[in-house]
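# Fold and geometry: a report
What follows is each chain in one-letter form.
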Amino acid sequence: MIKKILIALAAILVLAAAGLASFTWHIYKKDFGVPYKGLARLDYNWKYYFAELPKEESTFEGRLYSYKYPIFKHDRGVVPVDNDIYELAEDSHKFLCVLWDKRDPAFIKAELLKSLGANEPAVPSYEFLQWLHAADNIPVETGQRTEYHKLYDIKTEKITFGRGGEGLMVSSWSKVQEKPHMKFIAGVTPGGQVFRTRTLVRHNASEEFYRELVLPGVLTERVIPDAERDAQSAYFLNNFIETIEFKK
């Protein structure tokens, strides 16, 4: 009898181990955007997969549009800055920034409408990229022209908002270590006002950097990758795309 119980327990343990191994491999194979391998990939993917993604949400009511955003722990929500000229909305975790400004140059709207009207969006001009990256504080020498195409691999695509309308997604994949990969969305409201969003995808860090500083949990003042934050940031951006609704 005892022998049968031991055999049954051993079988259960083998099945549990096989199930855990299979699930771990499933997490490992997921594509969350990092090129890592081995333990670094498993660590990042595991933290990304199990990141806290809240079910509660609230609504930001702007002058030109509204959208829903998730509510995280210790969250102050979206904090808007609003006056007669512009409206800036940024959540307290700085996952997403949304801005429109009446002072934006007319050529920005012209280039945006041209890209949205084309089958394939054109490569953004220097001026358009400068407009998108305006709040990123890229360190450059005084008077030096920022060479965006040397700092980033830039990809553009048209997207459709979940509740109507189109936008231009511009992804800036950093070529510089310890600098962020960013995603921007630019669009035009039915009333003709351009707006833009900015979100951090993740910090660009090599696998070696991840193994040396992130895996052992080294305390440092340097900016390091954060898989949970990356998952939450992507969740916030997708929620914005699906729920933004323009006011008439």
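Structure: see above.
This paragraph deals with the pattern of salt bridges. Counted under the stated rule, the structure contains eleven salt bridges. For Lys 94, the salt bridge goes to Glu 90, with nearest N and O atoms at 3.5 Å.

It is worth spelling out the pairing of strand β5 (residues 96-101) at this point. Looking along a regular strand, one sees side chains alternate from face to face of the sheet. Among the six residues of β5, six are classified as buried, and the element is accordingly described as predominantly covered. In β5, alternate side chains face the same way, and those of Leu 96, Val 98 and Trp 100 on one face and Cys 97, Leu 99 and Asp 101 on the other are all buried. Pairing geometry for strand β4 (residues 86-91) and β5, over five bridges, is antiparallel. Within β5, the residue paired with Ala 89 across the bridge is Val 98. Relative to strand β9 (residues 194-203), β5 runs antiparallel, the two sharing four bridges. Residue pairing across strands places Leu 96 opposite Thr 199, the latter belonging to β9.

Following the criterion strictly, the structure yields 19 aromatic pairs and no others. Residues Tyr 44 and Tyr 210 carry aromatic rings whose centres are separated by 6.2 Å and whose planes lie at 65 degrees to one another, so their mutual orientation is edge-to-face. With Tyr 44 in helix α2 (residues 38-49) and Tyr 210 in helix α6 (residues 207-214), this pair connects stretches of sequence that are 166 residues apart. Judged by its relative accessible area of 1%, Tyr 44 falls in the buried class. Judged by relative accessible area, Tyr 210 falls into the buried class, the value being 1%.

A few words on the environment of Phe 195. As for its position among the elements, Phe 195 is in strand β9. Measuring from C-alpha to C-alpha, the distance between Phe 195 and Trp 100 comes to 4.3 Å, with 95 residues separating the pair along the chain.

Parameters at a glance
- Residues numbered from 1 in each chain as written.
- Predicted model: local features only at pLDDT ≥ 70, side-chain atom pairs only at ≥ 80, totals over all residues.
- Heavy atoms only, no water.
- Salt bridge = Lys/Arg side-chain N within 4 Å of Asp/Glu carboxyl O.
- Buried < 20%, exposed > 50% of the residue type's maximum accessible area, 1.4 Å probe, protein only.
- Helix = DSSP H or I, 4+ residues; strand = E, 2+ residues; numbered from the N terminus.
- Pairing = 2+ DSSP bridges.
- Phe/Tyr/Trp six-rings, centres within 6.5 Å; stacked < 30°, edge-to-face > 60°.

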